[in-house]
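Overview (structure and organization)
Letter by letter, the chains look like this.
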Amino acid sequence: MKRALAILIGLLLLVAAAAWGYWTYRQHRSYQTPIPIEAKSVIRISVDALSVDLAWNVLWNRSYYQGKAHEKPMEFNRETLSQTGISVPANVFLYQLDSAATDASPALYFGSVPLADTAEFSNWLTKQSTLIVQRDTLGKFAYSDHVLAVYDANNVFFAVSPQKIASTLPVIRKKIDALMTSDAWSAVSESPFRDIQKSSGHIVIRGEQEAAIKFKNGRILFSITHTLGNPPTSGVIEPRFPESNTASLWIAGIPSFLAGKPIEIGPYTLLGDSLLEHYQGNLIAEWKGTVKQQDTVISYDYDEDFTMHEREELVEKSVPEVYLSIAADDGLLAYLQTQGMLGPQGVNRDAMPLYQLYISAIPGGFLQFHTADRYSEIPAQHAANDRVLYLRINFGRMDPASLSPMFTPYIQLFDHLEVSGRRTGEGNVSTQGTLRMHNTQINSLIQLVNALKSAS
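Across its full length, the chain carries ten helices and 26 strands. If one aligns the C-alpha atoms of the chain with their principal axes, the spans along those axes are about 80 × 70 × 50 Å. When burial is assessed residue by residue, the chain has 41% of its 456 residues classed as buried. In the chain, once contacts between residues fewer than 6 apart in sequence are set aside, the share between residues at least 24 apart is 65%. As displayed, the chain offers around 26,200 Å² of accessible surface, 56% of which is attributable to carbon and sulfur atoms. Across the chain, the 38 positively charged side chains and the 45 negatively charged ones have centroids separated by 14 Å.

So, in C-alpha cells, the structure goes:
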C-alpha cells in the first residue's frame, strides 16, 4: 500500500513538474515576440493565465456553462481557437506607435501572432461574416469597422481600434505593410518594456502610464499609476460620504488635462485654462437618490380638417438627485455667466437638456450644481493625508426609471465599485479599484461579455 501511494505521489509530482516546465517554456517563448523599436507603449494579454482561470471556473460551475442557470452563458469551446489556424501564444502583445508616425488615430493598437496553418487561417477568414476580405497592390487583407489584418506565411499582423477605422484604412494598411518589411524590431524581453514580465494581471499596460486588470470570480480588480502633473494644494481635506449615497466622488488637486483645451457643452464653449484659473483644487460629487422635476413634452395631433397642431404638456419625471460641488473663487460663476451658459433657473437647458440643473454658491467656497431645487451641505471633512481620489458607486441603489434603458443590463450585473487614489513618493498617483458583481461564483470576464452581448 505504501509503495503504491509513493508511486502515485511520484507520478503526480512528475505531471506537475512537466506542466510547470511547459508553462514556463511557453512564457519564455512569448516574451521573444518582436515589437517595433519605435513602440511607445505595450499591452500584454495573458492568454494562458486567463485560460487556466476560466477552465477552473467552468469545472466548478458546470450548470452555468451548460445553460441551466438563469443567466445566458457564454459559449466556452476549447477548439474554437485551434480552428482559426493561429498558433495561440502564452501572451499576446499589442503596441502603440507615435500617432504622428502613423497619421492615424492615437487610439490604434498594432500586434502580431504566429500562424500554425496559413491555409486554414485564410479559410477561417472567409467564413467570418463581420470581416471583408480584399486584395490590393500590396496583397490580400481583411478588415471590419475596428480591425485590419494582413498575413504572410508565418504571421498575421493586425491593427485594432475602439474607434471606427474606415477613414484611415489606407494609411493603416500601408503602416502594417511597412512593419512587415521592417527590420527595426526588438524582443519584448530585450525592449524598454522588459519589466512587464514581472507584472501580474490578465491585462497589463506599460508606457506613459502603468495599468493592470485582473478578472476574478465575481469581481474585477484594476490599478493604474500615472504622473501627478499638478500636486494638490496643501492642507487637503477629504469628505466623509454617507453610506446611503448611490454614488460618491472626491478629487483633490488640479485636473491638468483641461489645460489648453476647449470644452464643448451643447452650443457653448468653455476654455480649460479659464476654468483652471478659478478652480481651487477640490471637487465633491454626490448622487443621493432621485428627485422629481417638471418637464415640457411636445406632441402633435390633427383636427377634423387634418391640420396638425402642436400641444405642450407639463409632466413630472424622476431624475437622479445629484450635487456637484467645485471649490472655486467668485470668478468661476462670473465666467459661466459671461459665456451665456446660465439663465434664471440655473444652467440653460440647451447645455443640459436631460435635466434642470440649478447652481448655488454655498458655504466653504464651493459652487454647487444640483438637480434638486435647493443645494445640499458639503459632507463633514477630515485630513486627506496622501489620498487624492475616492469613488464609490452602489448600483443596487440606482433607480432604472431615472436612467437610460441602455444602462439596465449593467445595473443588474454590478453590485459595487470602489476606487481610491494615493500619492506615491515618486510624484505619481497610484489608483486601485474593485468592481464587484452580484454573481460571485462566475468569472467576471464571462459575466461582462454576456452583458455586452445582451445589450447589443
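Having put the structure on the table, let's press on.
In this section: the pattern of salt bridges. In total, this model carries eight salt bridges according to the counting rule given. Across the pair K175 and E38 runs a salt bridge whose closest N-O atoms are separated by 3.5 Å. Highlighted residues: K175 in helix α6 (residues 169–181) and E38 in the loop between β1 (34–36) and β2 (41–46), separated in sequence by 137 residues. Residue K175 is classed as buried on the basis of its relative accessible area, which comes to 15%.

On to the environment of R436. In this structure, R436 sits in strand β26 (residues 428–437). For R436, the contacting residues outside a window of four places in its chain are G218, R219, F414, D415 and H416.

Turning our attention to helix α8 (residues 330–338). One turn of the α-helix equals 3.6 residues, which is why residues spaced by three or four share an orientation. Within α8 the residues assigned to the buried category are L332, Y335 and L336. The arc that holds every buried residue of α8, seen down its axis, measures 95°, which confines them to one face. In α8, those exposed residues whose orientation departs by more than 90 degrees from the buried face are D330 and T338. Those residues of α8 hidden inside the fold are in contact with β16 (268–271), α7 (272–278), β18 (308–328), β19 (342–343), β21 (358–362) and β22 (366–370). One side-chain oxygen of the residue at the start of α8 lies 2.9 Å from the amide nitrogen of G331, identifying that residue as D329. Of the residues trailing α8, G340 is marked for its positive phi of about 80°.

Given a rise of 1.5 Å per residue, 29 residues ought to cover 42 Å, and the 42 Å separating the end C-alpha atoms of helix α1 (residues 2–30) matches this to within 8%. Here α1 has its buried residues at R26, Q27 and S30. Looking at the buried side of α1, the elements it contacts are α2 (47–60) and β3 (91–96).

Take a nonpolar patch on the surface next. A cluster of nonpolar side chains, L5, L8, I9, L12 and L13, forms an exposed patch at the surface whose accessible area comes to about 500 Å². Tracing the backbone shows L5 in helix α1. The class of L5 is partly exposed, set by a relative accessible area of 47%.

To continue, consider the side chain of R387. You can see R387 is positioned in strand β24 (residues 387–394). Classification of R387 as buried rests on a relative accessible area of 18%. For R387, the side chain forms a polar contact with the side chain of E238, separated by 2.4 Å. A polar contact is formed between the side chain of R387 and the side chain of S420, at a distance of 3.0 Å. R387 has contacts with E238, W250, S420, G421 and R422, leaving out every residue within four places of it along the chain.

This part is about the nonpolar core. The nonpolar side chains of a soluble globular protein tend to be buried, and buried together. The biggest cluster of nonpolar side chains holds 38 residues, and the ones touching the most others in it are W250, F395 and M398. Considering every element that reaches this core, the biggest residue donor is β24, with four residues. Not counting residues within four places of it along the chain, the set of residues in contact with F395 comprises I411, F414, D415, H416, L417 and L435. One finds F93, F141, Y143 and F193 within the second-largest nonpolar core, a separate group that totals 25 residues.

Moving on to the packing of aromatic side chains. Evaluated as defined, the whole model comprises ten aromatic pairs. Judged by centre distance (5.9 Å) and plane angle (25°), the ring pair of F121 and W124 falls under stacked. You can see F121 and its partner W124 sitting in helix α5 (residues 118–126), three residues apart, about one turn around the helix. With a centroid separation of 6.4 Å and an interplanar angle of 20°, the aromatic rings of F241 and Y390 are classed as stacked. Pair noted here: F241 is in the loop between β13 (237–239) and β14 (247–252) and Y390 is in strand β24, with a separation of 149 residues, a long-range link. Here a set of aromatic residues connected by ring pairs shows up, and it is made of Y95, F110, F157 and W185.

Now for the packing of α1 against α2. Contact geometry of α1 with α2 gives a least axis separation of 10 Å together with a crossing angle of 140°. Note on element contacts: α2 touches α1 through D48, A49 and V52, opposite W23, R26 and Q27. Each residue belonging to the contact of α1 with α2 can be placed in one class, and the counts come to three nonpolar, one polar and two charged.

In terms of strand pairing, β3 meets strand β4 (residues 109–114) through two bridges, oriented antiparallel. The residue of β4 that forms the bridge with Y95 is F110. As paired strands, β4 and strand β8 (residues 155–160) are joined by six bridges and run antiparallel to one another. The residue bridging G111 from the neighbouring strand is F158, located in β8.

Quick look at the side chain of R206 now. Here R206 shows up in strand β10 (residues 203–206). E210 is the oppositely charged side chain nearest to the buried, salt-bridge-free R206, at an N-O distance of 4.2 Å.

With respect to the element layout, I359 can be found in strand β21. For I359, the residues in contact, after removing those within four places along its chain, are L333, L336, L342, G346, L367, Q368, F369 and H370.

What counts, and where the lines are drawn
- Residues numbered from 1 in each chain as written.
- Predicted model: local features only at pLDDT ≥ 70, side-chain atom pairs only at ≥ 80, totals over all residues.
- Heavy atoms only, no water.
- Helix = DSSP H or I, 4+ residues; strand = E, 2+ residues; numbered from the N terminus.
- Buried < 20%, exposed > 50% of the residue type's maximum accessible area, 1.4 Å probe, protein only.
- Contact = heavy atoms within 4.5 Å.
- Areas by Shrake-Rupley, 256 points an atom, 1.4 Å probe, with all protein chains shown as cover.
- Lys, Arg positive; Asp, Glu negative; His and termini not counted.
- Charge placed at Lys NZ, Arg CZ, Asp CG, Glu CD.
- Salt bridge = Lys/Arg side-chain N within 4 Å of Asp/Glu carboxyl O.
- Arc of directions from axis to C-beta.
- Polar contact = N/O pair within 3.5 Å; in protein donor to acceptor, adjacent residues only side chain to side chain.
- Expected span 1.5 Å × (residues − 1).
- Patch = residues over 30% accessible without salt bridge, like charges linked within 9 Å, V, L, I, M, F, W, Y side chains within 5 Å.
- Core = buried A, V, L, I, M, F, W, Y, C linked by side-chain atoms within 4.5 Å.
- Phe/Tyr/Trp six-rings, centres within 6.5 Å; stacked < 30°, edge-to-face > 60°.
- Axes fitted to C-alpha atoms, helices over the stretch in contact; angles between N-to-C directions.
- Nonpolar A, V, L, I, M, F, W, Y, C, P; charged D, E, K, R; others polar.
- Pairing = 2+ DSSP bridges.

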